[in-house]
Amino acid sequence: MIDYIFSNDFFRNIDAMIYTCGYESCTPGHSYGPILRNGYLIHYVLNGTGIYKTRGKLFRLKKGDAFLICPDELIYYEADMYSPWTYTWIGMQGIKIKGYLQRTSLFENLVVHYGDDQQLKLCHEKMAEADKLPKNRDLMLNRILYEYLFLLTCKFPSEQDTTNEKKSNYVEEALQFIEEHYCDPITVQDVADHLNLNRSYLHRIFKSFTNVSIQSYLLDYRIRQACILLKDTEMSIHVISRSVSYADPLYFSRLFHQKMGMTPSNYRKKNQKKEC
């Protein structure tokens, strides 16, 4: 029986966000899968027992355990027949989530034990409360998400060497540079030069952490900012084009149409009162 569940609009935040959470008291033998998921989910067992299968491994879980589901990995989990579990879950998406989770041992081990850690438990409870907010729910959910990720990194730090952390820092710096300079005509080479890294090396680590190339991310980021300007302002297409680094508004319009399936003008008419 599902006591509560909600889902969120992924496109509100391309960096990191909670896209779903819920609470479920399972019936004996209740199962889910085999299936692939498209985001990261962490389930926390409140009571009872069950099993979790993925990557050719079988985990037997009990009260206080938490398990990680990774995107595009085949998973299966099932409640015990005699002591079915009750759990709560948090689903996360966004370009930075993988890097954040890699700072924890959960990413490699897939299972951790919260024990009596009340702060981690409270984060799960806060999700349900935040869902009831009449305004600014997304801001509260993201605040809880970052608190939750911080607590995970403190309680379950990664057992790997510092190599991954160094690579993650490079990716963070690249993302920050793009966010600060997307309105300028920067290129992938400019990002690499800023970090004093070889362009090919930066491309490899960026894609390994985010699953997209820097070029694709830069284009998507600029188009996203253009969507916001089209929706929230009365600025002309020409001004918006230059505001996201494209001096030629015709070229900008072609790129926009390729990504969004419509012209900037049509997008504005259709979405002026909607979120991008």
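Residues numbered from 1 in each chain as written. Predicted model: local features only at pLDDT ≥ 70, side-chain atom pairs only at ≥ 80, totals over all residues. Heavy atoms only, no water.

Enquirer: Sorry if this is basic, but what is going on with the packing of aromatic side chains here?
Expert: Note on aromatic pairs: each is described by the distance of the centres and the angle between the planes. For the structure on display, the rule yields 20 aromatic pairs. Relative to Tyr114, the ring of Tyr44 lies with its centre 4.5 Å away and its plane at 20 degrees, an arrangement referred to as stacked. Of this pair, Tyr44 sits in strand β4 (residues 40-47) while Tyr114 sits in the loop between β10 (111-113) and α3 (118-130), and the two are 70 residues apart along the sequence. Taking the centre distance of 5.9 Å and the plane angle of 40 degrees together, the rings of Tyr217 and Tyr221 count as tilted. Here the residue Tyr217 and the residue Tyr221 both occupy positions in helix α8 (residues 214-232), the gap between them amounting to 4 residues, near one helical turn. We note that Tyr217, like Tyr221, is buried. Cluster of aromatic residues (ring-pair linked, three or more members): Tyr32, Tyr52, Phe59, Phe67, Tyr77, Trp85, Tyr87 and Trp89. Sitting over the ring of Tyr246, Arg222 keeps its end group 5.7 Å from the ring centre. (Phe/Tyr/Trp six-rings, centres within 6.5 Å; stacked < 30°, edge-to-face > 60°. Helix = DSSP H or I, 4+ residues; strand = E, 2+ residues; numbered from the N terminus. Buried < 20%, exposed > 50% of the residue type's maximum accessible area, 1.4 Å probe, protein only. Lys NZ or Arg CZ within 6 Å of the ring centre and 35° of its normal.)

Enquirer: What is the right way to read unusual backbone geometry from this model?
Expert: A negative phi angle is the norm for most residues apart from glycine, just as the trans form is the norm for most peptide bonds. The peptide bond linking Gly33 to Pro34 adopts the cis configuration, its omega dihedral lying at 0 degrees. Here the phi dihedral of Ser245 falls at roughly 90 degrees; this positive angle occurs in a residue that is not glycine. Relative to the helices and strands, Ser245 is located in the loop between α9 (237-243) and α10 (249-260). By relative accessible area, which is 15% here, Ser245 ends up buried.

Enquirer: Looking at this model, I keep getting lost on the pattern of salt bridges. Mind explaining?
Expert: Two side chains of opposite charge can pair, provided their charged atoms sit close to one another. Counting across every chain of the model gives 9 salt bridges. Residue Glu179 is joined to Lys96 by a salt bridge in which the shortest nitrogen-to-oxygen separation is 3.9 Å. Linking Glu179 in helix α5 (residues 163-181) with Lys96 in the loop between β9 (86-93) and α1 (97-101), this pair joins segments that are 83 residues apart in sequence. Owing to a relative accessible area of 24%, Glu179 belongs among the partly exposed residues under this scheme. The closest approach of N and O atoms between Lys155 and Asp117, which form a salt bridge, is 3.8 Å. Of this pair, Lys155 sits in helix α4 (residues 137-155) while Asp117 is found in the loop between β10 and α3, placing the two residues 38 residues apart along the sequence. Taken together, the shared-partner salt bridges connect Lys96, Glu172 and Glu179 into one network. (Salt bridge = Lys/Arg side-chain N within 4 Å of Asp/Glu carboxyl O.)

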